[in-house]
Structure formats: structure tokens, C-alpha cells
Amino acid sequence: MRHEVEPGTYPRHATSSQIDVVGPFISVSCNHCENPACVTACPTTALQKRGDGIVVHDPDQCIGCFMCKMACPYDAPQVNERTGVMVKCDMCAARQDRGDTPACVLACPVKVLTIGTIDELEMQGGVREGADFTVHGTAPNMRFIPIA
């Protein structure tokens, strides 16, 4: 799937951290929550949670109402200025369906992004909160692995 994102629209963004669990910066995007507020808030079927847990967005169903953006406590949905509708990380669902790795994991210059099941990430020492990131009622599927 081509997302046709306008330059300057970033479904993933880095923020600074004051907590030593992950280092000086953290790269965040959609957390593919257990209870995604964006899906509940969407008045169309533009946002759906797949059986594998990935929250996907269908731009053909999106009316650009911003309800998903207002509902998301992590500010994941962004407006695509080119199309006038929302865009968000879909964990490269199409790539994963082909057995490929998400592009952000491959492209990360310092190789700190990874993907796996929650159980796998927790076995690596992953924790639910950190780097000024607080778990909301949405139950985000993100883990922070402490630096050695």
C-alpha cells in the first residue's frame, strides 16, 4: 500500500526522553492498542483493528473529520495535506502480509526499533511505560526495552 504522505507529515516521530530506560530519544507512532480509541471514535469504517492486532486505516473510507486524531491519546493519526484525510502507521501491514519487516525497523539508523509479540518483547525485558510515556485505557501494544 502506498500511503502518499505529503512531505512534512510523519506517522512516526521522535521525542526527547528524560528517563534512562530507553536513552535520550524515543521514536513513537501508532501503538496498535488493544482498545484503540481511534477505531471507536471513527464515524465510518476507515479505521479497523485486524485479527492480528494491527490497526489499519482505509483512506477511501475516511472523511477527514479528525475524530480519530482527537480521540488518540498518543497523537498518532495525522492529516495528509495532499489528500485531506488522515494517515497513520499501519505497521507496514502489507509488507508483513508478505512476510517482510516493517520499513521503520529496517531503516532505523541505530537499530533500536524491533517488532515481535508482546510476550517476546516482555521476555527481552520490555516494560509498558517509560520515557515520559504513560499507559492510557487504550492498552497500547508497545514495550520499552531498557538500555544495557
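Basis of the calculations
- Residues numbered from 1 in each chain as written.
- Predicted model: local features only at pLDDT ≥ 70, side-chain atom pairs only at ≥ 80, totals over all residues.
- Heavy atoms only, no water.
- Helix = DSSP H or I, 4+ residues; strand = E, 2+ residues; numbered from the N terminus.
- Buried < 20%, exposed > 50% of the residue type's maximum accessible area, 1.4 Å probe, protein only.
- Contact = heavy atoms within 4.5 Å.
- Areas by Shrake-Rupley, 256 points an atom, 1.4 Å probe, with all protein chains shown as cover.
- pLDDT = per-residue confidence, 0-100.

Caption draft 1: Expanded view of the overall build of the protein chain. On a plain count of helices and strands, the protein chain comes out with 5 helices and 6 strands. Each helix and strand of the protein chain, ordered N terminal to C terminal, gives the series β-β-α-β-β-α-β-β-α-α-α. Relative to its full complement of 148 residues, the protein chain shows a buried share of 35%. Restricting the contact set of the protein chain to residue pairs at least 6 apart, pairs at least 24 apart contribute 49%. Of the accessible surface of the protein chain, which amounts to about 8500 Å², a share of 55% is contributed by carbon and sulfur atoms.

Caption draft 2: Region of the structure containing the environment of proline 77. Inspection of the secondary structure assignment puts proline 77 in the loop between helix 2 (67-71) and strand 5 (78-80). By relative accessible area, proline 77 is classed as buried at 2%. The spatial distance from the C-alpha of proline 77 to the C-alpha of methionine 67 is 9.6 Å, given a sequence separation of 10 residues. In this structure proline 77 touches Cys68, Lys69, Cys72, Met86, Val87 and Lys88, once residues within four positions along its chain are discounted.

Caption draft 3: Structural context of the confidence of the model for the protein chain. The share of residues in the protein chain with pLDDT of 70 or more is 78%, and the mean pLDDT across the chain is 83. Element-level pLDDT for the protein chain is lowest in strand 1 (residues 13-16), with a mean of 64, against a maximum mean of 97 in strand 3 (residues 47-49).

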